[in-house]
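Spelled out from the first residue to the last, the chains are:
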Amino acid sequence: MTAPLPSTLSRTRIKICGLTREADVDAAVEAGADAIGFVLYPKSPRAVTPARAAELASRLPPFITPVLLFVNQPPQEVMAALSLVKGAIAQFHGDETPAQCEESSGPGRFRYMRAARIPLGAAGIGFDLVKYASDYSHAQAILLDAHVEGYGGGGKAFDWSLLPPAVDAHLVLSGGLTPANVSDGIRILRTRCKSLSVDVSSGVEIDGPGNKGLKDAGKIRQFVAAVRAADASFSS
């Protein structure tokens, strides 16, 4: 296998996911996010309809990408939502096979990411990320999240150090990220892949029960600042 290109000179891209309000979209944009995620999985507490995602995405300025999260949804439903939200890419977070991802993306009409659900604890070493990335080689990126009960992300962090030393893919680190730990994730994974991005949802939400999908603008700014500080440490 060809070794991945070193990513030490790349800026870490940032996705803020699970947005449901205009104010949170605006806060993420103002803080410097590169992508905004909308959950279209109806069972998620952060779920929005395709029409609502399109309404929120219409606030985005140029060069910020809307991402739509799907879980085992019919191809026609996926493509209809992607057509409604201009410039969107798909994030498949269920049990979708490579063939199903291709069918749901057009094929080739829309870009997509594929989530890899990494087991928690020592079991994470048994996940063959190199093979997974090869199986989903048409994906724009492989998103790394913890394998928890249910779908759509559980806000848990897996053991990042157990991932392989070289993965020939663009990776997006997700699952349990916060302003306090994102720099550690970047430090551990940045040189192991073509490029590294980060994806946060629960880690920038308002504290307290019942606030899933409601973001804290201050935490978003802190998260972005932590990512930028980690990037600066590589170039210093």
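Residues numbered from 1 in each chain as written. Predicted model: local features only at pLDDT ≥ 70, side-chain atom pairs only at ≥ 80, totals over all residues. Heavy atoms only, no water.

Draft legend 1. How the structure looks around helix α6 (residues 182-189). Listed in full, the buried residues belonging to α6 are Val182, Gly185, Ile186 and Leu189. Down the axis, α6 shows its buried residues gathered within 100° of arc, on one side only. Looking at the buried positions of α6, the neighbouring elements they touch are β6 (141-146), β7 (167-173), β8 (193-200) and α7 (217-235). (Buried < 20%, exposed > 50% of the residue type's maximum accessible area, 1.4 Å probe, protein only. Helix = DSSP H or I, 4+ residues; strand = E, 2+ residues; numbered from the N terminus. Arc of directions from axis to C-beta. Contact = heavy atoms within 4.5 Å.)

Draft legend 2. Fine view of the side chain of Asn211. Looking at where Asn211 falls in the secondary structure, it is placed in the loop between β8 and α7. Within the structure, Asn211 has its side chain in polar contact with the backbone oxygen of Asp207 (distance 2.7 Å). Look past the residues within four positions of Asn211 in its chain and what remains in contact with it is Glu205 and Ile206. (Polar contact = N/O pair within 3.5 Å; in protein donor to acceptor, adjacent residues only side chain to side chain.)

Draft legend 3. Region of interest: the confidence of the model for the protein chain. Confidence in the prediction of the protein chain, expressed as mean pLDDT, is 92, and 93% of residues score 70 or more. With pLDDT under 50 throughout, residues 1-8 is counted as low confidence; its partners more than four residues away or in other chains account for 20 contacts. (pLDDT = per-residue confidence, 0-100.)

Draft legend 4. View of the nonpolar core. Formed by 65 residues in total, the largest nonpolar core has its most connected members in Phe38, Leu68 and Ile142. Here this core gets six residues from one element, more than from any other, and that element is α7. Listed in part, the eight residues of the second largest apolar core include Val67, Met113, Ala115 and Leu143. (Core = buried A, V, L, I, M, F, W, Y, C linked by side-chain atoms within 4.5 Å.)

Draft legend 5. Quick look at the packing of aromatic side chains. If you walk through the whole model with that rule in mind, you get four aromatic pairs. Note on Phe127 and Tyr132: the rings are 5.4 Å apart at their centroids and 50° apart in plane angle, and the pair reads as tilted. This pair shows no difference in class: Phe127 is buried, exactly as Tyr132 is. Three or more aromatic residues joined by ring pairs form one cluster here, namely Phe70, Phe92 and Tyr112. (Phe/Tyr/Trp six-rings, centres within 6.5 Å; stacked < 30°, edge-to-face > 60°.)

Draft legend 6. A look at the pattern of salt bridges. Under the criterion given, the structure shown has 16 salt bridges. Notably, a salt bridge pairs Glu22 with Arg52, separated by 2.7 Å at the nearest N-O pair. Within this pair, whereas Glu22 is found in helix α1 (residues 22-31), its partner Arg52 is found in helix α2 (residues 50-57), the two being separated by 30 residues in sequence. Between Lys215 and Glu205 there is a salt bridge, with the nearest N and O atoms lying 2.9 Å from each other. (Salt bridge = Lys/Arg side-chain N within 4 Å of Asp/Glu carboxyl O.)

Draft legend 7. Representation of the environment of Asp184. You can see Asp184 is positioned in helix α6. Given the relative accessible area of 34%, Asp184 is considered partly exposed. Linking Asp184 and Ile220, residues 36 residues apart in sequence, is a C-alpha distance of 17 Å.

Draft legend 8. Highlighting the sheet that holds β6. The parallel closed barrel is built from eight strands, whose spatial order is β1-β2-β3-β4-β5-β6-β7-β8. Direction aside, neighbouring strands of the sheet carry axes that sit 30° apart on average. Bridge count for β7 against β8 is five bridges, and the pairing is parallel. Counted as the bridge partner of Leu171 is Leu196 from β8. Each of β1 (13-16) and β8 is contacted by α7, which is oriented at about 160° to β1, the strand it contacts most. (Pairing = 2+ DSSP bridges. Axes fitted to C-alpha atoms, helices over the stretch in contact; angles between N-to-C directions.)

Draft legend 9. Summary view of the packing of α6 against α7. Packing of α6 against α7 brings their axes to within 8 Å, and their N-to-C directions diverge by 35°. The handedness of the crossing between α6 and α7 comes out as right-handed. Where α6 approaches α7, its residues Val182, Ser183, Ile186 and Arg187 are matched on the opposing element by Phe223, Ala226, Val227, Ala230, Asp231 and Phe234. A class-by-class count of the residues in the contact of α6 with α7 yields seven nonpolar, one polar and two charged. (Left-handed = near helix turned anticlockwise from the far one by under 90°. Nonpolar A, V, L, I, M, F, W, Y, C, P; charged D, E, K, R; others polar.)

Draft legend 10. Region of the structure containing α7. In this model α7 runs 28 Å from its N-terminal to its C-terminal C-alpha over 19 residues, within 8% of the 27 Å that 1.5 Å per residue would give. Of all the residues in α7, the buried ones are Gly218, Lys219, Ile220, Phe223, Val224, Ala226, Val227, Ala230 and Asp231. Buried residues along α7 sit in contact with β1, α1, α6 and β8. Where α7 begins, one side-chain oxygen reaches toward the backbone nitrogen of Gly218, 2.8 Å away; that side chain belongs to Asp216. (Expected span 1.5 Å × (residues − 1).)

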